[in-house]
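One-letter residues, chain by chain:
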Amino acid sequence: MKYLLIGVIALFAGISIAQAAPGHTGSHGGSTGEAAFGQPGDPKKSARVVQVLMNNKMRFVPGSITVKAGENIRFVVKNTDAIDHEMVIGTQKDLEEHAELMRKFPEMEHVDENMIRVPPSKSGDVYWRFTKAGTYYLGCLIPGHLEAGMMATVVVK
């Protein structure tokens with residue numbers, strides 16, 4: 001059903017399905033492949049816990065995180081604000097392209113392994129394994145949030 005929805009949105013927008021979900025490892029219907037910035041972590045294996053707060057100042061806390069390439073990370077994401085926020089892992093280009101798509105389709109749901117939407121005063125987990133050294137980002141792609149500066153840096157060594 002979600003694939004059909006993405007196809008319909010793409011059809012009305014006059015773009016291909018591949019363009020409808022830029023920067024993703026797949027579509028909004030869930031994915032299991034490896035992206036340029038890594039792959040889903042394994043919740044059944046031990047993981048380093050990294051707590052990330054999303055606050056009412058449109059910020060992620062901490063603003064910068066350092067991890068080792070190949071490390072299984074469990075992001076424990078808590079929304080301390082009174083409005084929804086989301087955390088999407090990607091390259092800066094991926095996040096900017098996806099944010100543009102979100103401005104066009106703000107009600108789009110995210111179910112890929114590199115992202116989570118968290119309601120006010122709730123929390124959730126994202127398991128991720130960064131496979132390549134580099135600088136990547138956490139961004140909130142709800143329209144207006146990324147533009148307000150809601151992005152954190154992940155340095156992978």
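The preceding data block contains the structure.
Residues numbered from 1 in each chain as written. Predicted model: local features only at pLDDT ≥ 70, side-chain atom pairs only at ≥ 80, totals over all residues. Heavy atoms only, no water.

Draft legend 1. Seen up close, the overall build of the protein chain. Per the secondary structure count, the protein chain includes 3 helices and 10 strands. Along the protein chain, helices and strands appear, N-terminal first, in the series α-α-β-β-β-β-β-β-α-β-β-β-β. Looking at the protein chain residue by residue over its 157 residues, the buried ones come to 42%. When contacts within the protein chain are restricted to residue pairs at least 6 apart in sequence, long-range pairs at least 24 apart make up 74% of them. Here the protein chain displays about 7900 Å² of accessible surface, and carbon together with sulfur accounts for 55% of that area. (Helix = DSSP H or I, 4+ residues; strand = E, 2+ residues; numbered from the N terminus. Buried < 20%, exposed > 50% of the residue type's maximum accessible area, 1.4 Å probe, protein only. Contact = heavy atoms within 4.5 Å. Areas by Shrake-Rupley, 256 points an atom, 1.4 Å probe, with all protein chains shown as cover.)

Draft legend 2. Quick look at the side chain of N79. Position of N79 relative to the elements: it lies in strand β5 (residues 72-79). N79 sits in the buried class, given a relative accessible area of 0%. A polar contact is formed between the side chain of N79 and the backbone oxygen of V118, at a distance of 2.9 Å. Not counting chain neighbours up to four residues away, the residues in contact with N79 comprise M54, D84, H85, V118, P119, P120, S121 and K122. (Polar contact = N/O pair within 3.5 Å; in protein donor to acceptor, adjacent residues only side chain to side chain.)

Draft legend 3. Looking closely at the packing of aromatic side chains. What the rule picks out here adds up to 3 aromatic pairs. Ring geometry for F130 against Y136: centres 5.9 Å apart, planes inclined by 20 degrees, an arrangement best described as stacked. Accessibility assignment for this pair places F130 and Y136 in one class, buried. Among the aromatic residues, those joined into a ring-pair cluster are F75, F130 and Y136. (Phe/Tyr/Trp six-rings, centres within 6.5 Å; stacked < 30°, edge-to-face > 60°.)

Draft legend 4. Here's a closer look at the sheet that holds strand β3 (residues 60-61). Taken together, 5 strands build an open sheet; the order of strands is β1-β8-β5-β2-β3 and the sheet is mixed. Looking along the sheet, the strands with just one partner apiece sit at the ends: β1 (39-40) and β3. With 7 bridges joining them, β5 and strand β8 (residues 123-129) adopt antiparallel strand pairing. Within β8, the position partnered with K78 by the bridge is S123. (Pairing = 2+ DSSP bridges.)

By themselves, these are just geometric observations and shouldn't be taken as functional.
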